[in-house]
Every structure is written in C-alpha cells, then in structure tokens.
Amino acid sequence: KTVFWVLTAPGQKYQERCEEILDTWGAHVPDGLLLFIGTDKTYTTAQGHKYVALPVDPKRKALKELMAWKFVYEKYPDRDWYIKGDDDTFFLVDNLLQYLAMFDPSVPFFLGRKFHLG
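Residues numbered from 1 in each chain as written. Predicted model: local features only at pLDDT ≥ 70, side-chain atom pairs only at ≥ 80, totals over all residues. Heavy atoms only, no water.

Trainee: Talk me through the pairing of strand β5 (residues 81-86); I want residue IDs and the actual numbers.
Mentor: Side chains of β5 alternate between two faces, with Trp-81, Ile-83 and Gly-85 buried and Tyr-82, Lys-84 and Asp-86 left unburied. Pairing analysis gives six bridges linking strand β1 (residues 2-7) to β5, with the strands arranged parallel. In the sheet register, Phe-4 faces β5, and the bridge partner there is Ile-83. (Buried < 20%, exposed > 50% of the residue type's maximum accessible area, 1.4 Å probe, protein only. Helix = DSSP H or I, 4+ residues; strand = E, 2+ residues; numbered from the N terminus. Pairing = 2+ DSSP bridges.)

Here it is, written out as structure tokens:
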C-alpha cells in the first residue's frame, strides 16, 4: 500500500509539470494514489489523481513541506510507504515498488537523499 505525492507550486508552471508527470512515470502509479500538493485549487481528476491546495504562502517552503506531509499522513494513515518527490523528480515506478518489496514496512526507513542547502 503506497501513495506517491509530488510537492509543486501554484501558477501556470505546475500544470505543465503535472501533465508531464502524468504522461510519463505517473502513468505507472495506480489510479487514486498520486497526489499533487501545493496547487492553486483542490480537485480530483477522472482517474482519481488529486490536486491539493495548501493554505500557506508558497514562499514559506519549509512550512509548506510540513503541511504537505501532515496532509498526506492524515489522509492516508494506513499506507506502508509514502513516496515523495518534487515536480521535477522522475521515478521508475515499477523498479521502485520492486525495491520497496525487499523492506519490512513496519520498520521505519528514510530512503533517499537529504540535501543541505545554504
């Protein structure tokens, strides 16, 4: 049980980036399990992909990130894995899901890269 979520920003650019994701790796995510968080408005597509607006200034990136994590966890508390990317991230969905199958989801893991900027 996995949910993929993408942190994006409001404005015209997010629509283009989200469409590119849906046309590429997003097509491999099961319907209803792909979220775009940080958009202009909240809505759900016919395929079940969710676009979620957050009540936070987009320039407050750390707060936006925390609010997004809170939203995802509260909305999907029963998931084994929470896969987070930005709107310029590319996932090999099938490979990633195969890789995650090697881990016990009851044990907490942070898989990825933590960047320190500044």
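Picking up after the structure, the text goes on.
Trainee: Break down the environment of Arg-17 for me, citing the residues and quoting the values.
Mentor: Counting through the fold element by element, Arg-17 comes out in helix α1 (residues 12-23). Take Arg-17: its relative accessible area is 26%, and that puts it in the partly exposed class. Note: C-alpha distance between Arg-17 and Asp-86 (69 residues apart in sequence) is 9.8 Å. Leaving out residues up to four positions away in the same chain, Arg-17 has contacts with Asp-87 and Asp-88. Separated by 2.7 Å, the side chains of Arg-17 and Asp-87 make a polar contact. (Contact = heavy atoms within 4.5 Å. Polar contact = N/O pair within 3.5 Å; in protein donor to acceptor, adjacent residues only side chain to side chain.)

Trainee: Can you tell me about the environment of Val-6, naming the residues and giving the values?
Mentor: Its location among the elements puts Val-6 in strand β1. Remark: the alpha-carbon pair of Val-6 and Arg-17, spanning eleven residues in sequence, is separated by 10 Å. What Val-6 contacts, discounting residues up to four positions off in sequence, is Ile-21, Trp-25, Leu-34, Leu-35, Phe-36, Ile-37, Gly-85, Asp-86 and Asp-87.

Trainee: So, helix α2 (residues 61-75): which residues are in play, and what are the values?
Mentor: End to end, α2 covers 21 Å across 15 residues, agreeing with the expected 21 Å (1.5 Å per residue, within 8%). For α2, the set of buried residues is Lys-64, Ala-68 and Val-72. The arc enclosing the buried residues of α2, seen along the axis, measures out at 65 degrees, which places them on a common side. Away from its buried face, by an angle of more than 90 degrees, α2 presents the exposed residues Ala-62, Leu-66, Lys-70 and Glu-74. Summarising the contacts, the buried residues of α2 are in contact with β1, β2 (34-37) and β5. (Expected span 1.5 Å × (residues − 1). Arc of directions from axis to C-beta.)

Trainee: So what's going on with the nonpolar core? Residues and values would help.
Mentor: Phe-4, Trp-25, Val-29, Leu-34 and Phe-36 are the most contacted members of the largest nonpolar core, which has 17 residues in total. Secondary-structure elements contributing two or more residues to this core are β1, α1, β2, β5 and α3 (93-100). Leaving out residues up to four positions away in the same chain, Leu-34 has contacts with Phe-4, Val-6, Ile-21, Leu-22, Trp-25, Gly-26, Val-29, His-49 and Lys-50. Of all hydrophobic cores here, the second largest spans eleven residues; its members include Leu-7, Leu-35, Ile-37 and Leu-54. (Core = buried A, V, L, I, M, F, W, Y, C linked by side-chain atoms within 4.5 Å.)

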